Amino acid sequence: MKVQPRPWLTGLAPYVPGVHAVDDDGSLASNESSLGASAAVADAVAKAVADVHRYPDPLATELRDALAEEHGVASEQVLVGNGSDELIFLLAWAFAAHGGRVLCADPAYRLDEISAVVSGAEPVKVPLTGWRHDLETMAGIEADLAYVVNPHNPTGTVRSHDDIARFVRTCRARIPVVDEAYVDFADDPEESTAMGLAAAGEAVVLRTFSKVHGLAGLRLGYLVADAGVVSVLEGIRAPFSVGRLTQAAGLAALHDRDHRARVRAHTRAYRDRLAEAFSSAGYEVVPSQANFILVLTSDEPALAAHLARHGVSVRPGAALGIPGAVRVSVPTEEGLRRVHHALRR
Ligand SMILES: *Cc1c(COP(=O)(O)O)cnc(C)c1O
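Residues numbered from 1 in each chain as written. Predicted model: local features only at pLDDT ≥ 70, side-chain atom pairs only at ≥ 80, totals over all residues. Heavy atoms only, no water.

### Here we look at the packing of helix α3 (residues 83–95) against helix α9 (residues 227–236)
Next up, step 1: It is the contact of α3 with α9, at a shortest axis distance of 10 Å, that shows an interaxial angle of 95°. The orientation of α3 with respect to α9, classified from their angle, is roughly perpendicular. On α9, the residues that touch Leu90, Leu91, Trp93, Ala94 and Phe95 of α3 are Val229, Val232, Leu233 and Ile236.
Next up, step 2: Residue composition of the contact of α3 with α9, by class: nine nonpolar, no polar and no charged. (Axes fitted to C-alpha atoms, helices over the stretch in contact; angles between N-to-C directions. Helix = DSSP H or I, 4+ residues; strand = E, 2+ residues; numbered from the N terminus. Parallel < 35°, antiparallel > 145°, perpendicular 65-115°, else oblique. Contact = heavy atoms within 4.5 Å. Nonpolar A, V, L, I, M, F, W, Y, C, P; charged D, E, K, R; others polar.)

Shown next as structure tokens:
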């Protein structure tokens, strides 16, 4: 069938997902947890299977209450979604669709931009300075939504809590959104987070179970915001977007604090070793507080192809709006051994 999509969709560059290597150890393209999920997740999912013939709880009440308690906010301030990606689309539809403006960094997390275009809003992109968000310039720009990804993807850089708070309080955007997908891996997650601003209803904070909790394949994220914002989003969402198995897995993952601490510790230690491997091979590496590093290279396709020949898949920067770089996720011990081996050739 030859059909044209709506005119505002024609210029949209599609999302290009990372490619998996032949095994887990070499799959460093998508910032997945190299240590996997908590063992408690498999048990919880196995138990929940008995009820898969029943629709899930639309609001994931048990998980929502647990998250509210974790962050010291009211349950009405929490919304659980099918990955934070669903929540990013809901924000665009509710607050920017049909002619609004969505402010983000350049390069941005691709979904912030894609959700804007799809909903008929205009993405406005402000180049990074020194690989970090230029919050001072962004604050002066009028917009309906403003995204700050902290730590940022694809650079791994952070802005301080004070800088974020100043941005949230002075920005001309109606709704500042702080995406904290990687906050667990920051030097000081408690100091870095904007959760206090979300609790006070001054900003929206996005979190995901895809990174530190290792549930990328189940699709689970949430946001914390003013109860009024949550209520608008509740009213437009697909009611059963978060399945039973996913809700059960999320609760189990949230309760396994030891696993989370292990993943954090592994990520910080191996991030340094990964960066060291590339810098001693002569590459410049952007200092990262996430579970990946950005490696600068004059020949991105050649570096990606060379690593691929040694069983390591990485994300080419061109797919992330940052040509001349590759993004490499923090590996396992075996994955790191393979990177070393490849870089010695
Ligand atoms: C990985 C990532 C997410 C997580 O998205 P999910 O849909 O929850 O898997 C959100 N934001 C950023 C910036 C990310 O890199």
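### Some thoughts on the layout of surface pockets
Next up, step 1: In this structure, the largest pocket encloses a volume near 540 Å³.
Next up, step 2: In terms of lining, the largest pocket is formed by 27 residues, of which the most central are Tyr15, Ser30, Asp85, Tyr109 and Lys211.
Next up, step 3: Sorting elements by how many residues they give to the lining of the largest pocket places α3 first, with three residues.
Next up, step 4: Partitioning the lining of the largest pocket into residue classes produces ten nonpolar, nine polar and eight charged. (1 Å grid on protein atoms, 1.4 Å probe; cavity = no way out; pocket = protein on both sides within 12 Å on 5 of 7 lines; lining within 4 Å. Points joined across faces, edges and corners; volume = space filled by probe spheres on them.)

### So, the environment of Leu111
Next up, step 1: Topologically, Leu111 is positioned in helix α4 (residues 110–118).
Next up, step 2: Taking relative accessible area as the criterion, Leu111 reaches 9% and is therefore assigned buried.
Next up, step 3: Along the chain, Leu111 and Phe89 lie 22 residues apart, while their C-alpha atoms are 8.1 Å from each other.
Next up, step 4: Sequence-distant contacts of Leu111, that is, excluding residues within four places in its chain, are made with Tyr15, Asp85, Ile88 and Phe89. (Buried < 20%, exposed > 50% of the residue type's maximum accessible area, 1.4 Å probe, protein only.)

### Overview of the site of the ligand
Next up, step 1: In the vicinity of the ligand there are 13 residues, among which Tyr182, Thr208, Ser210, Lys211 and Arg219 approach most closely.
Next up, step 2: Taking Asp85, its main chain carries an N or O atom lying 3.0 Å from an oxygen atom of the ligand.
Next up, step 3: Interatomic distance of 2.8 Å between a side-chain N/O atom of Asn153 and an oxygen atom of the ligand.
Next up, step 4: Coverage of the ligand by the protein amounts to 94% of the 390 Å² it exposes when considered alone.
Next up, step 5: More than half of the atoms of the ligand fall within 2 Å of the grid points belonging to the largest pocket.
Next up, step 6: Residue classes in the shell around the ligand are distributed as four nonpolar, five polar and four charged. (Near = heavy atom within 4 Å. Polar contact = N/O pair within 3.5 Å; in protein donor to acceptor, adjacent residues only side chain to side chain. Areas by Shrake-Rupley, 256 points an atom, 1.4 Å probe, with all protein chains shown as cover. Sits in = over half its atoms within 2 Å of the grid points.)

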